[in-house]
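Descriptive analysis of the structure
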Amino acid sequence: MQRQEAALQTQRDDLEVRVQAASSPQKVQQWAVQNGLQRFAEKAASATTRDLGAGEAPPETLTPSSTPAIEVKTQWK
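Here the structure is a predicted model, which is why all the values come from computation and not from measurement.

What follows concerns the overall build of the chain. If you tally the helices and strands in the chain, you get 3 helices and 0 strands. Listing each helix as α and each strand as β along the chain from the N terminus yields α-α-α. Sorting the 77 residues of the chain into buried and exposed places 3% on the buried side. Surface accessibility of the chain: about 8,400 Å² in total, with carbon and sulfur atoms responsible for 56%.

Right, let's get into the pattern of salt bridges. On inspection of all chains with the given rule, the structure shows 2 salt bridges. Asp13 is the partner of Arg12 in a salt bridge, and the nearest nitrogen-oxygen pair spans 3.2 Å. Here Arg12 falls in the partly exposed class, since its relative accessible area comes to 46%. A relative accessible area of 37% places Asp13 in the partly exposed class. Put simply, Lys73 and Glu71 hold a salt bridge, and the shortest N to O gap is 3.8 Å. Overall, the relative accessible area of 72% leaves Lys73 in the exposed class.

This part covers the confidence of the model for the chain. When pLDDT is averaged along the chain, the result is 80, and 69% of the positions lie at 70 or above. Element-level mean pLDDT values for the chain span from 67 in helix H3 (residues 40-46) up to 94 in helix H1 (residues 2-22).

Conventions and cut-offs
Residues numbered from 1 in each chain as written. Predicted model: local features only at pLDDT ≥ 70, side-chain atom pairs only at ≥ 80, totals over all residues. Heavy atoms only, no water. Helix = DSSP H or I, 4+ residues; strand = E, 2+ residues; numbered from the N terminus. Buried < 20%, exposed > 50% of the residue type's maximum accessible area, 1.4 Å probe, protein only. Areas by Shrake-Rupley, 256 points an atom, 1.4 Å probe, with all protein chains shown as cover. Salt bridge = Lys/Arg side-chain N within 4 Å of Asp/Glu carboxyl O. pLDDT = per-residue confidence, 0-100.

Take a look at the structure:
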């Protein structure tokens, strides 16, 4: 049982090292590039743009007399 336990611990340690190596940022980036994924910054830079034109005129601004009054009271205890 002790030999089997030692073998399993060795196998676990080896697998942990392999998982860490496979999930490193460099490996993840390599996998992403190989599978056609792009970085967000690169995607945004290559996005097409279009002119939306002048659009509608902004709404008329409200005059002070036509805006409702807002009253706030603060009481500290």
